[in-house]
Each structure stands twice: as C-alpha cells, then as structure tokens.
Amino acid sequence: MLEIRNITKSFGADQVLKGFDFFVREGDVVSVIGPSGSGKTTLLRCINFLENADSGTIRIGGLHADFSRIRKKEKIAMRRKTAMVFQNYALFSNMTALENVMEGLVIARKMERPAAKEAAVKVLSKVGLASKLDSKPRELSGGQQQRVGIARAVALNPEVILFDEPTSSLDPEMVDDILALIKDLAREGATMAIVTHEMQFAYEISDRVVFLDKGEILAEGSPPEIFDRPREDRVKQFVSRFNFKRAPEYYL
Ligand SMILES: Nc1ncnc2c1ncn2[C@@H]1O[C@H](COP(=O)(O)OP(=O)(O)O)[C@@H](O)[C@H]1O
Ligand SMILES: [Mg+2]
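Residues numbered from 1 in each chain as written. Chains lettered and ligands numbered in written order. Predicted model: local features only at pLDDT ≥ 70, side-chain atom pairs only at ≥ 80, totals over all residues. Heavy atoms only, no water.

Topic: the site of ligand 1
Around ligand 1, a shell composed of Phe11, Asp14, Val16, Pro35, Ser36, Gly37, Ser38, Gly39, Lys40, Thr41 and Thr42 is seen. Separating an oxygen atom of ligand 1 from a backbone N or O atom of Ser38 is a distance of 3.1 Å. Thr41 is positioned such that a nitrogen or oxygen atom in its side chain is 2.8 Å from an oxygen atom of ligand 1. Calculation on ligand 1 without its partners gives an accessible area of 560 Å², and the protein chains cover 58% of this total. Those elements that provide at least two residues to the shell around ligand 1 are β2 (14-24) and α1 (40-47). Broken down by element, the shell around ligand 1 gets its largest block of residues, three residues, from α1. For the shell around ligand 1, the class distribution of residues is three nonpolar, six polar and two charged. (Near = heavy atom within 4 Å. Polar contact = N/O pair within 3.5 Å; in protein donor to acceptor, adjacent residues only side chain to side chain. Areas by Shrake-Rupley, 256 points an atom, 1.4 Å probe, with all protein chains shown as cover. Helix = DSSP H or I, 4+ residues; strand = E, 2+ residues; numbered from the N terminus. Nonpolar A, V, L, I, M, F, W, Y, C, P; charged D, E, K, R; others polar.)

Considerations on the sheet that holds strand β3 (residues 29-33)
Reading across the sheet, the six strands line up as β6-β7-β8-β3-β9-β10 and stay open at both edges, with mixed pairing between neighbours. Two strands in the sheet have a free side with no partner beyond their single neighbour: β6 (82-85) and β10 (216-221). The sheet shows a mean angle of 20 degrees between the axes of neighbouring strands, taken without regard to direction. Along the sheet face, helix α5 (residues 142-155) touches β6 and β7 (160-164) and points at about 175 degrees away from the line of β6. Here helix α6 (residues 172-187) sits on the sheet in contact with β3, β7 and β8 (192-195), set at roughly 155 degrees to β8. (Pairing = 2+ DSSP bridges. Axes fitted to C-alpha atoms, helices over the stretch in contact; angles between N-to-C directions. Contact = heavy atoms within 4.5 Å.)

What follows is the structure, given as structure tokens:
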C-alpha cells in the first residue's frame, strides 16, 4: 500500500504538484494519465525520492513520513520500498545486463555478490533474457534494454514498482512486447503505478485510472468510468483522441 496525502512540489515559482492525494492498494495497478507537463513524472520522482516534495505525507510498507521534514535515514529506508522503470531505461552503459540488475542488490540491498547474482539471473531469465546476461546495453535492442530495466526493478522486490512511460522510447514493434511483460507482472499480483500514453493498455490493466492535469487530479476512477463515460470535458477531449486509434475503422 502506498498512500500520499496533500503532496506539493514547486520548481521556482511554478507549482507543479498542487496538493492532492494519491494511493495504490496492495496488488493494484494504477495508471496515471494526462497531458504532457501535468506533473506525472514529478509525482513518481517524489514517491521515489529522486525529487524532494515540498509538503505532504507518504505512507508505504509500514513507514510514514512528512515530506517537509523527512530525515536522510528515513528517506533511504523509504526509497527501498519503491523501484522505478524509466522511459530511457537508465541502465549503466559500461555494465552488462547481469551487472545492471546485480548493482542495486549489492549496493542498496547489501546482498552478497553470489546471492545477488543468483537473484539477478533468475529475474533476467524470467523476462526472457537468459541468453543476454553478459551483453552491454548497446548490444541490446530497445525492448531488451527495457526488459533489463524492468528486471532491475522486479529484483529489488519493492512494495510498489513505478513506471514512467516505459514504452515511449521504443520502436512500435517492441511496445506490445513490453506491455505484455508488464501485464504478466500485474497478473502475478505486483503493485504498480504506471504513467503511460498507451490508453488501450491502461484500459485493460488498471484497477484505477488517475487523470492528472496542471498538477491536480481532475478525475479518477475505474477504466470504464474514465474512458467510456468521462464526466469532465477535459478528460473527454483527452481520451476521445485515443479511443479511435485502435478501433477497427481506423484501418479501413
Ligand atoms: N527539474 C525541473 N526543474 C524545473 N522544472 C521542472 C523540472 N522537472 C519538471 N519541471 C516542470 O514541471 C512540470 C511538470 O513536469 P513533468 O512532471 O515532467 O510532467 P509530465 O511527466 O506530466 O509531462 C513541467 O512544466 C516541467 O517543465
Ligand atoms: Mg513525464
């Protein structure tokens, strides 16, 4: 369970998160959608403590803290509760797939190298990369690199996995492949918050959809509530663009 209350974040005079609540129940998948610049990435980065939110509270995996006065030690403990999958993969280019996944286990989780290796091999095999353990990122396709990114997050066994547009750097033919992998994780009960522009995917995978606009939650609900019968004009306008994209008539 992840629970954020009244989160605010400004960059200079620009308030990017305007004080809303956000939660993900255990085993749930929550998709965060909304226009570019609405604060989706900033929200995930604050949850993962890559950014410091200005105020609000966070509760995750039995820990609780106030963003405005969190101590460094608390922050480190809280960071361990989440893992992030990035749009641009964010792999270490000088390390192999195996080393990329082991790194967090050894450094952040203080695992011994043999145990870390065993865990990393297991997760990389699970995402279909058993034959690529010794490959460097530049020797892998975009889809394979993102598989490493996902394996790295899953290996950490976090309370919540945070995905920031995991498929938007990928060639079209790789997108479905990564979406299928994320669906497998959902089926296995992983708790996830996913920022995505893949509306069909969000429709199919989400327990809840949160629509962010200008730093505020404009709407939230089940996929049918948001995609089939949105009440707010802004949401209607946004989702209507996507509904037709994959409709059969699009291809006629
Ligand atoms: N490090 C930063 N410094 C200054 N402004 C930022 C920074 N990161 C994001 N912003 C601004 O915050 C707003 C929200 O950005 P972001 O969270 O990336 O939105 P989204 O992911 O929804 O596209 C944008 O106006 C963006 O320019
Ligand atoms: Mg973003």
